[in-house]
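# Residue-level structural notes
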Amino acid sequence: MLSRVADSIYWMCRYIERAENIARFIDVNLHLLLDVPIAEAHQWAPLVSVTGDDADFKARYDAPTQVNVVKFLTFDRQNPNSIYSSLWSARENARSVREVISSEMWEQINRSYLMLRDADATDRVAQDPAGFLSHFKKSCHLFAGTMEATMTHGEAWHFGRMGKLIERAEKTSRILDVKYFMLLPRVDYVGSPYDGLQWTALLRSASAFEMYRKKHRTITPEDVAAFLILDCDFPRSMHYCVIKANESLHEITGTPMGEFTNRAEQRLGRLVGELDYSEISEIIAGGLHQYLDSFQARLNDIGAAIHESFFGFGSPVPAP
Amino acid sequence: MKFNGYDTKGYYDELIDGSGRPRPGAMLLIDRIEGLPPGDLARRQQAAEAALMNMGITFAVYGDERGAEKIWPFDLIPRIVEPEDWRRIHAGLRQRIRALNLFIDDVYHDQKIVNDGVVPRDLVESAGAFRRQCMGLSPPGGIWCHVTGTDLVRDDDGTIYVLEDNMRCPSGVSYVLENRQLLKRTFPRVFEASGVLPVVDYPDRLLATLHHVSPVRGEAATAVVLTPGSFNSAYYEHSYLAQQMGIELVEARDLVVSDGYVKMRTTKGLARVDVIYRRIDDDFLDPLAFRADSMLGVPGLFEVYRAGRVALANAPGTGVADDKVIYAYVPKMIRYYLGEDAILPNVPTYLCWQEADRQHVLDRLDKLVVKAANESGGYGMLVGPHATQAERETFAAKIIASPRNYIAQPVVNLSRVPIMAGDHFEGRHVDLRPYILFGEDIFVMPGGLTRVALRKGSLVVNSSQGGGSKDTWVVDAAGASSPSWSVQGM
């Protein structure tokens, strides 16, 4: 397939995944606020950190209040990672590959965008943020389901899935990074109902609460971290995401698993291998924050390698 | 909603005759519409518009980079073409395309028609789209104009004229296909009972046309659609056609000339391209051959084309035949090449380069339509009766300064079709653009794009100037969907 098209499908899926994650983060925070008496600023500032845009936020907003943060993360068109900007980019990418994706996928992405645009115009979000966010999340899930069911699971689909999973792994690592240290037992909270609520909220941020419960009875910081990093079956855990992204990468190239023919395969395969043989106690002993930070840096590196191996249309071509 | 009180006075109405009765092909439809409960038609119209919006069949509003997008206005009541009209149009367009293609081929080879004094040499060579680079070129099968969209109009006396031959990159066919989808959902029973000829096979026929001219035969041939990119106003159509044909949609940056072939950059390296359905102008195809100052295009593409290693549809240089001055000579071409009289007449045309015509035009600017020879989309045009004195004077000066570049025609009182105007029906002026494919044979799409001037009284149907579209139903006299004329003579 065309390099440009592969590039667009990869980013279309990344942006949809990004928008859905941000919507979920905001939604969970709104709910948590109803249960936990915690200073507003402490509750909302971390959400800006999750998207990695602290500097941009500080430059254009005063305090990290609910109103400001929600605005920054939903409809702020100057914030390239807001829900609006992400979906706009997803749709522009989709438009440029409309002939490759199914009509149903295009129609769904377009409906999501129009819903977002209309919500922005009518101030519906200020009235009922939770209602809006849950509606929006559903529209993203509908896109994922439509893509699964209406598009041939060939090369283009695998590029899309790879983009989605790399974005998801990155977002899970960020939410864990930001929340984990905030939530480590504090003297005044230990054993109080608030403690449990906060950990529950972190799991809910990754849509992981119910699935976690099936695996672990009690909520401990170590088990939560293990679930979100190392679980092989939960579809938002970092380990699961890189395993499946690696599968897609090998489907694209046809290289047998366990071997590599380009830098993307080498780097991604190595990351999967490390996670395969990791234990949570080692990770925490070595410093969770450092671990997650390095994980994100490696995902960036893998993203660059994918670009270089498949999308680089500036590559030299023999003279005519 | 009822049609009593619907006013057809002074114009030819395509659905209702002069005495207020539905024309034969429209009877079922009018019956159905009149039988709908109040408000139902308006609801169907809204549902159709919402569907267009959700399908993203929109164009961006100029100057608003994020946000404002509009659907191209669409009116639910179809335009119906009666069988005897269609038979004439079908035969007339096949004849016209055959002659025009022979003309283009002649212009770039022996120029017999020029040497015989039928068309003046300087008119041909001064046509804006004449390409000297194409002299001596012989495209596969001798076919130059693979895809044409001819604009037809009907005057108040019922005569159907050819208004323009669009032989470069005519657009709009995707609207025909989408409008049909919507109408089938809106009036399923009437549609079936009326025996409307299908348009759905257009993408298949277009692909067959492309394969027909490919240097590589059969299934192995790789055809692509070449688009200027997603900012282009017709991008939706480019993408739609590529999708319907199941071929790649490429931009110039995806293509490169390597080892004497045109190739596209893929995730697995370079892959050869055999046929390019290009939706960009000649000027932007190849900076080495056409415009050195252009950053667009694929350097070296024209050399590959000359060597017969890639086919282009339409061929470069085809535009020489849709110059509005050359247009006036088409009836003569038909006689010259085919020895026949034109089945579909031209609108009478005054050529300002001829002194007598020029004087006549300048004296009657308030009664004529003046057009620049190389403009399209309703630009570079003066509608005399609706213009101000100052506008007429500006045009008079332009005509005197550059007579070769202007023609004038009498105002054609375009025929009308009803549209919904609030709680009643009103007639609005329409034209018709059937699409013609020239491959193994000449295929005329049954129907085409009906453009409608939605503003009351307006004669300008262009989308840039308040025009919308309607579905076009060519009804079968037999009342069943026998494809008798779509295959006639093939």
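If you're wondering where the values come from, they're calculated on a predicted model, not measured in any experiment.

Calculation criteria
Residues numbered from 1 in each chain as written. Chains lettered and ligands numbered in written order. Predicted model: local features only at pLDDT ≥ 70, side-chain atom pairs only at ≥ 80, totals over all residues. Helix = DSSP H or I, 4+ residues; strand = E, 2+ residues; numbered from the N terminus. Rg over C-alpha atoms; globule rule 2.2 N^0.38 Å. Buried ≥ 20, exposed ≤ 12 C-beta atoms within 10 Å, placed from the backbone. Contact = placed C-beta atoms within 7 Å. Pairing = 2+ DSSP bridges. Axes fitted to C-alpha atoms, helices over the stretch in contact; angles between N-to-C directions. Nonpolar A, V, L, I, M, F, W, Y, C, P; charged D, E, K, R; others polar. Parallel < 35°, antiparallel > 145°, perpendicular 65-115°, else oblique. Left-handed = near helix turned anticlockwise from the far one by under 90°. Expected span 1.5 Å × (residues − 1). Core = buried A, V, L, I, M, F, W, Y, C linked by C-beta atoms within 7 Å. pLDDT = per-residue confidence, 0-100.

### A look at the overall build of chain A
A count of helices and strands for chain A gives 16 helices and zero strands. Against the globule reference of 20 Å for 320 residues, chain A gives a C-alpha radius of gyration of 20 Å, in line with a compact fold. Considered along the principal axes of its C-alpha atoms, chain A spans approximately 70 × 50 × 35 Å. Out of the 320 residues belonging to chain A, those deemed buried represent 45%. For chain A, long-range pairs separated by at least 24 residues make up 68% of all intrachain contacts whose partners lie at least 6 apart in sequence.

### Here we look at the overall build of chain B
Each helix and strand counted, chain B has 14 helices and 22 strands in total. Relative to the globule expectation of 23 Å for 490 residues, the C-alpha radius of gyration of chain B, 23 Å, shows essentially globular dimensions. With respect to the principal axes defined by its C-alpha atoms, chain B has extents near 65 × 60 × 50 Å. Burial statistics for chain B: of 490 residues in total, 46% are counted as buried. Partitioning the contacts of chain B with sequence separation of at least 6, the portion at a separation of at least 24 is 68%.

### Some details on the sheet that holds strand 16 (residues 406-410) of chain B
Residues and elements named next belong to chain B. Strand order across the open sheet formed by four strands is 13-16-14-15, with antiparallel pairing between neighbours. Since the sheet does not close on itself, it has two edges, and those belong to strand 13 (350-351) and strand 15 (381-383), each with one partner. Where strand 14 (residues 368-372) meets strand 16, five bridges bridge the pair, whose relative direction is antiparallel. Each residue of the ladder has a partner; that of Val-370, found in strand 16, is Ala-408. Against the sheet, helix 14 (residues 389-401) touches strand 14, strand 15 and strand 16, its axis set at about 135° to strand 15.

### Things to note about the sheet that holds strand 8 (residues 255-258) of chain B
All names here are of chain B. The three strands lie next to each other as 8-9-10, forming an open sheet whose pairing is antiparallel. The open sheet has two free edges, formed respectively by strand 8 and strand 10 (269-272), since each of these has just one partner strand. Direction aside, the axes of adjacent strands within the sheet are offset by 45° on average.

### Some points on the interface of chain A and chain B
Counting residues at the interface gives 23 residues for chain A and 24 residues for chain B. Only helix 1 (3-35), helix 5 (83-96) and helix 6 (103-122) of chain A provide two or more residues apiece to the side of chain A that touches chain B. Here the element with the most residues in the side of chain A that touches chain B is helix 6 of chain A; it accounts for six residues. Residues belonging to the side of chain A that touches chain B are distributed by class as follows: eleven nonpolar, three polar and nine charged.

### Let's talk about the packing of helix 1 of chain A against helix 5 of chain A
Residues and elements named next belong to chain A. At their nearest, the axes of helix 1 and helix 5 sit 8 Å apart, and the two run at 155° to each other. Considering the angle they form, helix 1 stands roughly antiparallel to helix 5. The handedness of the crossing between helix 1 and helix 5 is left-handed. Contacts from Ser-8, Trp-11, Met-12, Tyr-15, Ile-16, Arg-18, Ala-19, Ile-22 and Ala-23 of helix 1 reach helix 5 at Ile-83, Ser-86, Leu-87, Ser-89, Ala-90, Asn-93, Ala-94 and Ser-96. Among the residues forming the contact of helix 1 with helix 5, the class breakdown is eleven nonpolar, five polar and one charged.

### Topic: helix 13 (residues 238-253) of chain A
Residue and element names in this part refer to chain A. Spanning 16 residues, helix 13 covers 23 Å between terminal C-alpha atoms, matching the ideal 22 Å at 1.5 Å per step. Judged by how many residues are buried, helix 13 sits mostly within the fold: twelve of 16 residues are covered. Downstream of helix 13 by a residue or two, Gly-254 has a phi angle that is positive, lying close to 80°.

### Brief notes about the packing of helix 5 of chain A against helix 6 of chain A
Residues and elements named next belong to chain A. The contact between helix 5 and helix 6 brings their axes to 10 Å, and the two run at 150°. Note that helix 5 runs across helix 6; the crossing there is left-handed. Contacts between helix 5 and helix 6 involve Ile-83, Tyr-84, Leu-87, Trp-88, Ala-90, Arg-91 and Ala-94 from the former and Trp-106, Ile-109, Asn-110, Ser-112, Tyr-113, Leu-116 and Asp-120 from the latter.

### Comments concerning the nonpolar core
Residues A:Ala6, A:Ile9 and B:Leu100 are the most contacted members of the largest nonpolar core, which totals 230 residues. The element that contributes the greatest number of residues to this core is helix 1 of chain A, accounting for 15 residues. Setting aside its immediate chain neighbours within four residues, A:Ala6 contacts A:Met1, A:Ala156, A:Phe159, A:Phe310, A:Phe311 and B:Thr267.

### Some remarks on helix 6 of chain A
Here helix 6 of chain A contains 20 residues, and its C-alpha end-to-end distance of 28 Å stays within 8% of the 28 Å for a straight helix at 1.5 Å per residue. Along helix 6 of chain A, the residues that are buried comprise A:Met105, A:Trp106, A:Gln108, A:Ile109, A:Asn110, A:Ser112, A:Tyr113, A:Leu116 and A:Ala119. If you follow the buried residues of helix 6 of chain A, they end up packed against helix 5, helix 7 (124-127) and helix 8 (129-150) of chain A together with helix 2 (40-54) of chain B. Within two residues after helix 6 of chain A, A:Asp123 carries a phi angle of roughly 70°, on the positive side.

### Examining the pairing of strand 16 of chain B
Regular strands show a simple pattern: their side chains alternate between the two faces of the sheet. Of the pairings in the sheet, the one linking strand 13 of chain B to strand 16 of chain B comprises two bridges and is antiparallel in character. Each bridged residue has a counterpart across the sheet, and for B:Leu351 the counterpart in strand 16 of chain B is B:Ile407.

### Section: the environment of B:Ile400
Inspection of the secondary structure puts B:Ile400 in helix 14. Sequence separation of B:Ile400 and B:Trp353 is 47 residues, and the distance between their C-alpha atoms is 9.2 Å.

### Observations concerning the pairing of strand 22 (residues 467-474) of chain B
All names here are of chain B. Among the eight residues in strand 22, eight count as buried, and that is most of the element. Here strand 3 (residues 74-81) runs beside strand 22; their pairing, made up of five bridges, is parallel. Note on strand 22: the bridge partner recorded for Arg-79 is Thr-472. As paired strands, strand 21 (residues 449-453) and strand 22 are joined by four bridges and run antiparallel to one another. Opposite Arg-451, over in strand 22, you have Ser-469 as the bridge partner.

### A word on unusual backbone geometry
Cis geometry marks the peptide bond from B:Ala313 to B:Asn314; its omega dihedral reads -5°. Relative to the helices and strands, B:Asn314 is located in the loop between strand 12 (311-313) and helix 11 (324-327). The phi torsion at A:Ser207 lies on the positive side, around 50°, for a residue other than glycine. Mapping A:Ser207 onto the fold places it in the loop between helix 10 (193-205) and helix 11 (209-215). Taking the number of C-beta atoms within 10 Å as the measure of exposure, A:Ser207 has 17 and is therefore partly exposed. Unusually for a residue other than glycine, B:Asp259 sits at a positive phi of about 55°. Note on placement: B:Asp259 falls in the loop between strand 8 and strand 9 (261-266).

### Section: the environment of A:Leu2
Note on placement: A:Leu2 falls in the segment before helix 1. With 154 residues separating them in the primary sequence, A:Leu2 and A:Ala156 have C-alpha atoms 9.6 Å apart. Those residues within four positions of A:Leu2 in sequence are excluded, and the remaining contacts are B:Glu248, B:Val250, B:Asp254, B:Met264, B:Arg265 and B:Thr266.

### Thoughts on the confidence of the model for chain B
Residue and element names in this part refer to chain B. Of all residues in chain B, 94% have pLDDT values of 70 or greater, and the mean over the chain is 90. Here residues 479-490 is modelled with pLDDT under 50, and outside its nearest four sequence neighbours on either side it reaches 13 contacts, counting other chains as well. For this predicted complex, the interface score ipTM comes out at 0.77, alongside a pTM of 0.86.

### Remarks on the environment of B:Gly468
Residues and elements named next belong to chain B. Inspection of the secondary structure assignment puts Gly-468 in strand 22. Taking the C-alpha atoms as reference points, Gly-468 and Arg-154, separated by 314 residues in sequence, lie 18 Å from one another. Non-local contacts of Gly-468, meaning those with residues more than four positions away in its chain, are made with Trp-72, Pro-73, Phe-74, Asp-75, Val-452 and Leu-454.

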